[in-house]
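The chain contents come next:
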Amino acid sequence: MVVHRPVFLGSLVLGFFFFFFFVNGQKCSKSSSLVGYESEFRMLQHQLRGVFTVLDDCSFRVSRFDMLSGSDVHWWGAVTSDFENMTDSGFVISDHKLNQTFSNQSFVVPLLDNVTWDKIGVVSVWDLPTASDFGHVLLPNATEQDSSSSKSESPPSQSKDAAPGKSNSSEPLKAPTMFDNCKKLSDNYRLRWTLNVDEGYVDIGLEATTGLLNYMAFGWAKPNTTSNLMLNADVVITGIREDGFPFADDFYITKSSVCSVRDGFAAGVCPDTVYEGTDAVGSSVNNTKLVYGHRIDGVSFVRYRRPLNDSDNKFDFPVNATENLTVIWALGVIKPPDVINPYYLPENHGGVESENYGHFSLSLSEHMDECLGPLDADNKYDQGVIIADANAPLVVTAGPSVHYPNPPNPPKVLYINKKEAPVLRVERGVPVKFSIEAGHDVSFYITSDFLGGNASLRNRTETIYAGGQETHGVLSSPLELVWAPNRNTPDQLYYHSIFQEKMGWKVQVVDGGLSDMYNNSVNLDDQQVKFFWTIVGDSISIAARGEKKSGYLAIGFGSEMTNSYAYVGWFDRNGTGHVNTYWIEGESASSIHPTVENMTYVRCKSEEGIITLEFTRPLKPSCSHRDRPECKNMIDPTTPLKVIWAMGAKWTDGQLTERNMHSVTSQRPVRVMLTRGSAEAEQDLRPVLGVHGFMMFLAWGILLPGGILSARYLKHIKGDGWFKIHMYLQCSGLAIVFLGLLFAVAELNGFSFSSSHVKFGFTAIVLACAQPVNAWLRPAKPAQGELMSSKRLIWEYSHSIVGQSAVVIGVVALFTGMKHLGERNGAENVDGLNWALGLWVFLGVVTVVYLEYRERGRRRARNLSRGNWVLGNVEEDDSIDLIDSRGGFRDKDDEEGRNGGRSEIQLEPLK
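Please read all numbers here as calculations on a predicted model, not as lab measurements. (Residues numbered from 1 in each chain as written. Predicted model: local features only at pLDDT ≥ 70, side-chain atom pairs only at ≥ 80, totals over all residues. Heavy atoms only, no water.)

## So, the overall build of the protein
Next, step 1: Tallying secondary structure elements over the protein gives ten helices and 47 strands in all.
Next, step 2: Within the protein, residue pairs in contact and separated by at least 24 positions form 64% of the contacts whose partners lie at least 6 positions apart.
Next, step 3: On the protein, roughly 45,500 Å² of surface is accessible, and the fraction owed to carbon and sulfur atoms is 56%. (Helix = DSSP H or I, 4+ residues; strand = E, 2+ residues; numbered from the N terminus. Contact = heavy atoms within 4.5 Å. Areas by Shrake-Rupley, 256 points an atom, 1.4 Å probe, with all protein chains shown as cover.)

## Some words on the sheet that holds strand β11 (residues 189-196)
Next, step 1: The five strands are arranged β10-β11-β12-β20-β19 in an open sheet whose pairing can be described as antiparallel. This sheet does not close on itself; its edge strands, each paired only once, are β10 (181-186) and β19 (289-296). For this sheet, the mean inter-axis angle between neighbouring strands, taken without regard to orientation, is 15 degrees.
Next, step 2: Direction of pairing for β11 relative to strand β12 (residues 201-208): antiparallel, over a ladder of eight bridges. Considered in β12, the bridge of T194 is made with D203. (Pairing = 2+ DSSP bridges. Axes fitted to C-alpha atoms, helices over the stretch in contact; angles between N-to-C directions.)

## Section: the sheet that holds strand β1 (residues 38-40)
Next, step 1: In spatial order, the strands read β1-β3-β4-β7; together these four strands make up an open sheet with antiparallel pairing. Here the strands that pair on one side only, and so sit at the sheet edges, are β1 and β7 (102-110). Within the sheet, the average angular offset between the axes of one strand and its neighbour, ignoring direction, is 15 degrees.
Next, step 2: Sheet topology note: the strand β3 (residues 49-56)/strand β4 (residues 59-67) ladder contains six bridges and is antiparallel. Its bridge partner being in β4, D56 is matched across the sheet by S59.

## Observations concerning helix α7 (residues 756-776)
Next, step 1: Compared with an ideal rise of 1.5 Å per residue, which puts 21 residues at 30 Å, α7 spans 31 Å between its outermost C-alpha atoms and is within 8% of the ideal.
Next, step 2: Within the sequence span of α7, burial applies to H757, V758, G761, A764, I765, A768, Q771 and N774. (Expected span 1.5 Å × (residues − 1). Buried < 20%, exposed > 50% of the residue type's maximum accessible area, 1.4 Å probe, protein only.)

## Quick word on the pairing of strand β43 (residues 610-618)
Next, step 1: Within β43, eight of the nine residues are buried, leaving the element largely enclosed by the surrounding structure.
Next, step 2: Sheet topology note: the strand β37 (residues 539-546)/β43 ladder contains seven bridges and is antiparallel. Residue pairing for β43: I542 is matched across the bridge by F615.
Next, step 3: Pairing geometry for strand β42 (residues 600-607) and β43, over six bridges, is antiparallel. Residue pairing in the sheet places K605 in a bridge with T612 of β43.
Next, step 4: Connecting β42 to the antiparallel partner β43 that follows it, the hairpin turn spans two residues, and E608 within it adopts a positive phi of roughly 55 degrees.

## Overview of the side chain of S132
Next, step 1: Mapping S132 onto the fold places it in strand β9 (residues 132-138).
Next, step 2: What makes S132 buried here is its relative accessible area of 3%.
Next, step 3: Here the side chain of S132 touches N406 through a polar contact of 2.3 Å, side chain to side chain.
Next, step 4: Those residues in contact with S132, other than ones at most four positions away along the chain, are Q45, V125, W126, D127, N406, P407, P408 and K502. (Polar contact = N/O pair within 3.5 Å; in protein donor to acceptor, adjacent residues only side chain to side chain.)

## Focus: the packing of aromatic side chains
Next, step 1: Throughout the structure, instances matching the rule amount to 33 aromatic pairs.
Next, step 2: On the numbers, 5.2 Å between centres and 80 degrees between planes, the contact of F60 with W75 is edge-to-face. In this pair, F60 sits in strand β4 while W75 sits in strand β5 (residues 73-78), placing the two residues 15 residues apart along the sequence. The pair F60 / W75 is uniform in exposure class, with both members buried.
Next, step 3: Residues F60 and W117 carry aromatic rings whose centres are separated by 6.1 Å and whose planes lie at 65 degrees to one another, so their mutual orientation is edge-to-face. (Phe/Tyr/Trp six-rings, centres within 6.5 Å; stacked < 30°, edge-to-face > 60°.)

## With respect to the nonpolar core
Next, step 1: Among the nonpolar cores identified, the biggest contains 51 residues, and Y189, L191, I204, F218, W220 and L364 are the most heavily contacted of them.
Next, step 2: When residues in this core are grouped by element, the largest group, seven residues, is from strand β21 (residues 325-335).
Next, step 3: The next biggest cluster of nonpolar side chains, apart from the first, holds 40 residues, and it includes V423, I446, Y495 and V507. (Core = buried A, V, L, I, M, F, W, Y, C linked by side-chain atoms within 4.5 Å.)

## Considerations on the state of the cysteines
Next, step 1: Applying the stated criterion across every chain, the model contains four disulfides.
Next, step 2: Disulfide pairing places C28 opposite C58 at an S-S distance of 1.8 Å. Disulfide C28-C58: torsion about the S-S bond near 110 degrees, hence right-handed. Here C28 is found in the loop between α1 (5-27) and β1, whereas its partner C58 is found in the loop between β3 and β4, with 30 residues between them in sequence. For the pair C28 and C58, one class covers both residues: buried.
Next, step 3: Shown here is the disulfide that connects C182 with C371, its sulfur atoms set 1.7 Å apart. Since a negative S-S torsion denotes a left-handed disulfide, the C182-C371 link at about -80 degrees is left-handed. One end of the pair, C182, is in strand β10; the other, C371, is in the loop between β23 (357-362) and β24 (385-387), and 189 residues separate them in sequence. (Disulfide = S-S within 2.5 Å.)

## Re a nonpolar patch on the surface
Next, step 1: A contiguous nonpolar surface patch, about 380 Å² in accessible area, is contributed by L839, F842, L843 and V846.
Next, step 2: Position of V846 among the secondary structure elements: in helix α9 (residues 830-867).
Next, step 3: Owing to a relative accessible area of 42%, V846 belongs among the partly exposed residues under this scheme. (Patch = residues over 30% accessible without salt bridge, like charges linked within 9 Å, V, L, I, M, F, W, Y side chains within 5 Å. Salt bridge = Lys/Arg side-chain N within 4 Å of Asp/Glu carboxyl O.)

## Details of the environment of N417
Next, step 1: Positionally, N417 belongs in the loop between β26 (412-416) and β27 (419-420).
Next, step 2: Using a relative accessible area of 23% as the deciding quantity, one classes N417 as partly exposed.
Next, step 3: Between the C-alpha atom of N417 and that of I386, which follows or precedes it by 31 residues, the distance is 8.0 Å.
Next, step 4: Those residues in contact with N417 that lie beyond four places of it in its chain are I386, P393, L394, V395 and Q527.

## A look at the pattern of salt bridges
Next, step 1: Summed over the entire model, instances satisfying the criterion amount to 19 salt bridges.
Next, step 2: A salt bridge links R306 to D234, with the nearest nitrogen and oxygen atoms 2.7 Å apart. Placement of the pair is R306 in strand β20 (residues 299-307) and D234 in strand β14 (residues 234-240), with a sequence separation of 72 residues.
Next, step 3: Judged by relative accessible area, which is 2%, D234 ranks as buried.
Next, step 4: One salt-bridge network, held together by shared partners, links R49, R192 and E207.

Now the structure itself:
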């Protein structure tokens, strides 16, 4: 028995092997029409790339597979790729797990026994705890319901050989993130390309772990150049805009500086179209075609297409695919467009060669694959961060999904303060106020569950920290929700709708840091910088914290950057934080002068690119030399402190240049009341300017025009009633004009004639003020029967023309005032007010036309009655127009003479 046992066991194992092989062979037939189908994965998260191929009825192969690790990642199947189907009806299709980072790997994945290809329309890499789709492929006859964030302007077309519903083993369905070749330029920058010689173009992909507002540049150096390779180079500048969409523009380098245009000539790193002038925008000189782009997991990726032999001989070089040519590359900070410059312009890349810029020899036809594994950024989330403030409610609304950070997701997601699914940062001990305006079908709540949407429906438990089914409201009737996180609140929570999964995102709960250290705080203009302070004795401790990433953060004391005292928090190349002080006397870099202030407890720190600066300084500087600018930088706690801010990409302790100028700044100063414990800030002048506008409308739109109308159309009334009405309305209107002017001048600290509104308004006021002087100097009215003097005639004409002109110009000033209000204060209802004012003016014109028609009819009736009057030749006591038939005005003296005198009629016998 002992001798024969190994033989028996060996036979048994061999039998099981053949049985398993037979059964598996029978099961893994190739009867499905999908056998041989090949497609590339669409990247959604975790830098997923790869090629998917159906091998047989029960397995598929994955090759060239890249992916950053997740928490519990599986192969997932669904009928379609829409949110509901993927989340609610999806299912695991294989026991093969993906809980690791993959680097250009290939493997075979078996399907579960109960899974067949006819049940699957989408194969996804799915993270179970977060219900996240890292990437997927669509099988033939499946539909792509893209409810996830749209990452590109327009994806590239699929292969012409790939027909839906048919296998295609020769040419895979192409994904815009896949290429034939890859070159590692630096640890955080890669070049990918696919050459198409037959079509005469090359598709180039640039990807880097870089900042959101940074550029990626690649191009060809001028042929036969051996030094200063950047000069006269043909490059393409790519990147991701603030709104999350990509750009790729053709540039030509004539100088190592930011592009500038002077006297019609462009110089520097400029787009090709700039060299051709304004008429060349969109012309053939820009031959780079944007194909696709996204920003995922902190990695920017842009794909563009470049012809090999360009028709543009001025700024683009022909590329020989088989020849080794010198190419250049760079990473750096981009300068966003402004009112003068419509392009994203690269600034000096700086840094170290081979890290921030470099060059090498490249042959496009030579196969290369140096990119092993996905790029892994330190900060993978770029969406906006909203920092809660106890004094300002967070407005919660719902809107369409554009760049939701965790696909798949429903088509409607939550917005906070007009930002799509931002990370919400709250502080322990600081109450957070929400204004819920997302609709009655969205009930807002704070939960411990990652997905939201009432975890009990998924047989999961959750802890609700605020909100619930009753916390819903609309714009006309918002619901207020107050939540005060305490010391026991977890560091990570989520805000969602209790009726729908994955509408919100993360809540970061941090210790009360600055709010605990400082007695007062307020959001500065645009709520992008928070200002903290505490006054103790004769000193003040100040802190400022930005709400977005930047290279430096500056706050200033003054009405604007010019003539202000600035405090700049920044970091050097070693990562050391500094706080420098300056006196700014102009807008150029040369007008920024360093100062020496007595500051203590100085600190500058950065958390994921968010800069916080702190310092303590005396309220009144102690200076031995009173002529130094910083000696005048005194803070009076009883006087509102005007605070402004600015952010930029780079600062330096040495000589400042235009590159150090801010890219984002406050639009207006904030008047901070230092002595009020509630830290009130007068952030908005619109109420005061609204009073100014109402007064001016009352004067120029009602009272002054009414005075003119009374003088023209009420003279037929017996007595001097028309004259009193005329005087009362004109005097009241002029008084209100002066009050409105004082309101504006007092709040704006004067006015500048650079504004068209000020020009029109001042002109109208001067003309209006001339009218009382004009009336006081009027010549005497001629006696009855006498001819009017030329002086009187000139006065009557001038009085009428000046008054009417003043009203017309005043109405124009009202319209320009509306425009100025919108430009200066960002008023959202300016268009509606303009329409209302236009309607009022239209009704006024219609009224004048109607009154003029009545007046002319009354004149005709008066003339007819005069023709029938036979007794004597005395004029009847009737009304006359502002200018009567003799070309003169009727005034109060005339009326009194007509009504106060006695008329005699002598009857003569008929002969």
